[in-house]
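Chains, contacts and geometry: an overview
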Amino acid sequence: MNFKPVDEQLAVIKRGTVEIVPEQELIEKLKKSKKENKSLKIKLGVDPTRPDLHLGHSVILRKLRQFQDLGHEAILIIGGFTAMIGDPTGQNKTRPALSLEEVQENAETYISQAQKILDESKTTLVNNVDWLGDMTFMDVVQLSSKLTVARMIERDDFSKRFENNEPISVHEFLYPLAQGQDSVHLKSDVELGGTDQKFNLLVGRDLQKTDGQEPQVCLMMPLLVGTDGSMKMSKSYDNYIGIDEPANDMYGKALSIPDELIYTYFELVTDVSIEELESLKQKAEEDPRNTKHELAHTITRMYHGEKAAEAARKHFEETVIKKNIPDDAPEFHFESGSTVRLLDIISDAEMTSSNGETKRMMKQGGVSLNEEKIKDPGFEVTFENGKEYELKVGKRNFARLISG
RNA sequence: GGGGGGAUACCAAAGUGGCCAACUGGGGCAGACUGUAAAUCUGUUGUCGUGAGACUUCGGAGGUUCGAAUCCUCCUCCCCCCA
C-alpha cells in the first residue's frame, strides 16, 4: 500500500468531523502507519436493532469508506452482543433487548445495505458475540470495576432519565464497557462514532490504556439533521431518507430539507470532492433552488445511478411543480357503461386508510377527478366507452381510471 | 420489607358519574401560498354510513347504575420515597 501524505489523509478524515480526540495522536498514528507501511485499524460498531439504514447512518459509514480508500483497514462490528443489551445512548427509555435470531436477521439486512457504501472486498466483518459472549461473570465484574457509578450518571441520557423518574436498568451501565471491550479485543487504532457516542468511545480508550495498549483515537461525526430541519434523522421521527428508498422519494425528500442544510448534506452524505465543496457553499446561498436540486440529484445518483436520478427529477417536476399525473400512476379498469361511486373506488384502491378520511379530504378539496375538485361524498362516476379519468387524492396519490 | 403515585387516542397530557368520540400541545392529513414534499396561515384528525345516526375506544377481567374514562372488586405492568 502506498499511503498518501499525512496532511492529505488528514484533510479527508477531517471532512465533516466534529471532533478528534486527540487529534495529535491521530497524526502520530498516521505518520507511523505511512512509515511502517501498515494500515490502521478503524473500528465502527453498529447496532443491528433497526435494519433500515438511512442517510444518517451513511454519514459514519461514508467516513469508514474514506478510511478504506486511504488504505486503512475497516472493521465493521456487528453488535450482536451489545444489541441484546440495548444501547442506552440518547434513549429516554430502556431499549428492548433483541433475541439472537432477530439480531442475526437484522445483521444480514444491515450488512447488505452497508455494502452499498463500503468497499465490500476490503471490509472486515466481525460480531462481538464471538468474544463478549465467552466472558465469565468474573470477567465482567473485573471489567466493571474500571468504571465508577459517578461517571456513569454524569451522562446526559442517564441523568435525564433519573430526573424524570424513568427507569434505568443496571445492565445498561454495562453497555459502554462492552463497547470498550471491543476496542481492547480488536486493538483498534481509531473508533468512529456519532457525537452522542463520545462517552462510549472514550471508555474504549480507558480500557485499552488499562490493558497496556496504545489507546484508540476517537473520531466523532455529527448527527445528521433530518428533513424536518430540527431533529436528528431517525425513522421514528419520520424525517429520514432511506438508502433503500425508491429514487423518486429520495429525490423529493432531499428537496424538502431546509435551505440551511444544503451544504451540510453535501459535506456529510455525498461523494462530491473536497474542492467542489468549497464552491457549493456559496452556491447554496446564492441559488438554493438549483443547488438543492443538484444535491437531490447527487444523492439519488449515488444510490440509484445517473439515469434514475434524471428520471426522478422529471417525476418531481411533473407531479409536484406542474402537478400533473405521473406516468407510472396505477391504472384501474372499469367496465364500460358501469357507474361506480368515487368513494368506493378510492377505498378499493386503498388510496386512503378509511372512508372517513376520504370524505374529509373531499370536503377539504383534496380529491379531484380530471382537475375538477369533487366535494360530494356521494359522487358517482359513469364509465363511458374508452373514457379515461385522472384521479388525484391528496397531495401525491394518483390513479388512472380507464373504462373498457 | 414498608409507604405513596400512576396506566387515557400516534406521542405528551386534561378529564374524576350524563354536556365525552373525549380539552390542549406535538405529530399526521388536507387547502391556500411557495423554487420546494420547506416556512407560514387555515381547516381537519376513531370506524361504518350520502345523511340522520349506529358501533367500538380511556391497562385487563368482572360488578354497581337508567347511564361509567370517571364508583367498587380482583388482576397485570410501571414509577417514586423510606429501609
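For clarity, every value in this text was computed on a predicted model and none was experimentally measured.

**Points about the overall build of chain A**
Assigned secondary structure in chain A consists of 18 helices and 13 strands. Viewed in the frame of its principal axes, chain A has a C-alpha envelope of about 85 × 50 × 35 Å. Among the 404 residues that make up chain A, the fraction classed as buried is 46%. Of all intrachain contacts in chain A linking residues separated by at least 6 positions in sequence, the fraction that spans at least 24 positions is 71%. Accessible surface, chain A: about 20,200 Å² in total, of which carbon and sulfur atoms supply 49%. The distance from the centre of the 52 positive side-chain charges to the centre of the 69 negative ones in chain A is 3 Å.

**Points about the UniProt feature "binding site: ATP" (unreviewed entry) in chain A**
Residues annotated in UniProt with the feature "binding site: ATP" (unreviewed entry) correspond here to Lys235. Checked against the element boundaries, Lys235 lands in the loop between β6 (217–221) and α12 (247–255). The class of Lys235 is partly exposed, set by a relative accessible area of 36%.

**A few points about the UniProt feature "domain: RNA-binding S4" (unreviewed entry) in chain A**
Here, the residues flagged by UniProt with the feature "domain: RNA-binding S4" (unreviewed entry) are residues 340–383. From the first C-alpha to the last, residues 340–383 spans 8 Å; its make-up is 36% helix and 23% strand.

**Observations concerning the nonpolar core**
Of all hydrophobic cores here, the largest spans 61 residues; its most connected members are Leu55, Leu61, Leu192, Tyr265 and Ile299. There are two domains that each give this core at least three residues, and those are domain 1 (6–221) and domain 2 (235–321). With residues near it in sequence (within four places) discarded, Leu61 still touches Leu44, Leu53, Leu76, Tyr110, Ala114, Ile117 and Leu118.

**Concerning the sheet that holds β6**
In spatial order, the strands read β1-β6-β5-β2-β3-β4; together these six strands make up an open sheet with mixed pairing. Pairing within the sheet leaves two strands with one partner each, and these edge strands are β1 (19–21) and β4 (123–127). Across this sheet, the average inter-strand angle for adjacent strands is 25°, counted without regard to direction. Where strand β5 (residues 190–194) meets β6, five bridges bridge the pair, whose relative direction is parallel. Across the sheet, Glu191 pairs through a bridge with Cys218, a residue of β6. On the sheet, helix α3 (residues 55–69) packs against β2 (41–46), β3 (73–78), β4, β5 and β6 and is oriented at approximately 155° with respect to β5. Helix α11 (residues 198–210) rests against β1, β5 and β6 of the sheet, and its axis sits at about 170° to β6.

**As for the packing of aromatic side chains**
By the definition in use, this model includes three aromatic pairs. Between the aromatic rings of Tyr251 and Phe316, the centroid separation amounts to 6.1 Å while the plane-to-plane angle is 50°, which identifies the pairing as tilted. One end of the pair, Tyr251, is in helix α12; the other, Phe316, is in helix α16 (residues 306–321), with 65 residues separating them in the sequence. The exposure classification of Tyr251 matches that of Phe316, with both residues buried. Each ring, one from Phe383 and one from Tyr389, has its centre 5.6 Å from the other, and the planes form 90°; the classification is edge-to-face. Assigned by exposure class, Phe383 and Tyr389 land together as buried.

**What about the protein's contact with RNA strand B?**
Close to RNA strand B lie 28 residues, the nearest being Ser256, Phe316, Asn355, Arg360 and Arg396. For RNA strand B, the backbone makes up 70% of the atoms found within 4 Å of the protein, where backbone means sugar plus phosphate. One of the side-chain N or O atoms of Lys292 is found 3.3 Å from a base oxygen in RNA strand B. A distance of 3.0 Å separates a base nitrogen of RNA strand B from a polar side-chain atom of Gln364.

**Overview of the environment of Gln68**
Relative to the assigned elements, Gln68 resides in helix α3. Accessibility expressed as a relative area gives 1% for Gln68, which makes it buried. Taking the C-alpha atoms as reference points, Gln68 and Leu342, 274 residues apart in sequence, are found 56 Å from one another. Residues within four places of Gln68 in sequence aside, it is in contact with Ala74, Leu118, Asp119, Lys122 and Thr123.

**Quick notes on α3**
Taking 1.5 Å of rise per residue, the 15 residues of α3 would be expected to cover 21 Å, and the 20 Å separating its terminal C-alpha atoms lies within 8% of that figure. Burial analysis of α3 places 11 of its 15 residues in the buried class, which makes it a mostly covered element. Among all positions in α3, only Leu55, Ser58, Val59, Ile60, Leu61, Arg62, Lys63, Leu64, Gln66, Phe67 and Gln68 are buried. At the exit of α3 stands Gly71, carrying a positive phi of roughly 100°.

**Side note on the sheet that holds strand β12 (residues 388–393)**
Spatially, β7-β13-β12-β9-β10 is the arrangement adopted by the five strands of the open sheet, whose pairing is mixed. The outermost strands of the open sheet, each flanked by one partner alone, are β7 (331–334) and β10 (372–373). Bridging between strand β9 (residues 367–369) and β10 involves two bridges; their strand directions are antiparallel. Bridging across to β10, Ser368 finds its partner in Lys373.

Criteria and cut-off values
- Residues numbered from 1 in each chain as written.
- Chains lettered and ligands numbered in written order.
- Predicted model: local features only at pLDDT ≥ 70, side-chain atom pairs only at ≥ 80, totals over all residues.
- Heavy atoms only, no water.
- Helix = DSSP H or I, 4+ residues; strand = E, 2+ residues; numbered from the N terminus.
- Buried < 20%, exposed > 50% of the residue type's maximum accessible area, 1.4 Å probe, protein only.
- Contact = heavy atoms within 4.5 Å.
- Areas by Shrake-Rupley, 256 points an atom, 1.4 Å probe, with all protein chains shown as cover.
- Lys, Arg positive; Asp, Glu negative; His and termini not counted.
- Charge placed at Lys NZ, Arg CZ, Asp CG, Glu CD.
- UniProt positions renumbered as here; feature names shortened; annotations may be inferred.
- Core = buried A, V, L, I, M, F, W, Y, C linked by side-chain atoms within 4.5 Å.
- Domains from an automatic or database assignment.
- Pairing = 2+ DSSP bridges.
- Axes fitted to C-alpha atoms, helices over the stretch in contact; angles between N-to-C directions.
- Phe/Tyr/Trp six-rings, centres within 6.5 Å; stacked < 30°, edge-to-face > 60°.
- Near = heavy atom within 4 Å.
- Polar contact = N/O pair within 3.5 Å; in protein donor to acceptor, adjacent residues only side chain to side chain.
- Expected span 1.5 Å × (residues − 1).

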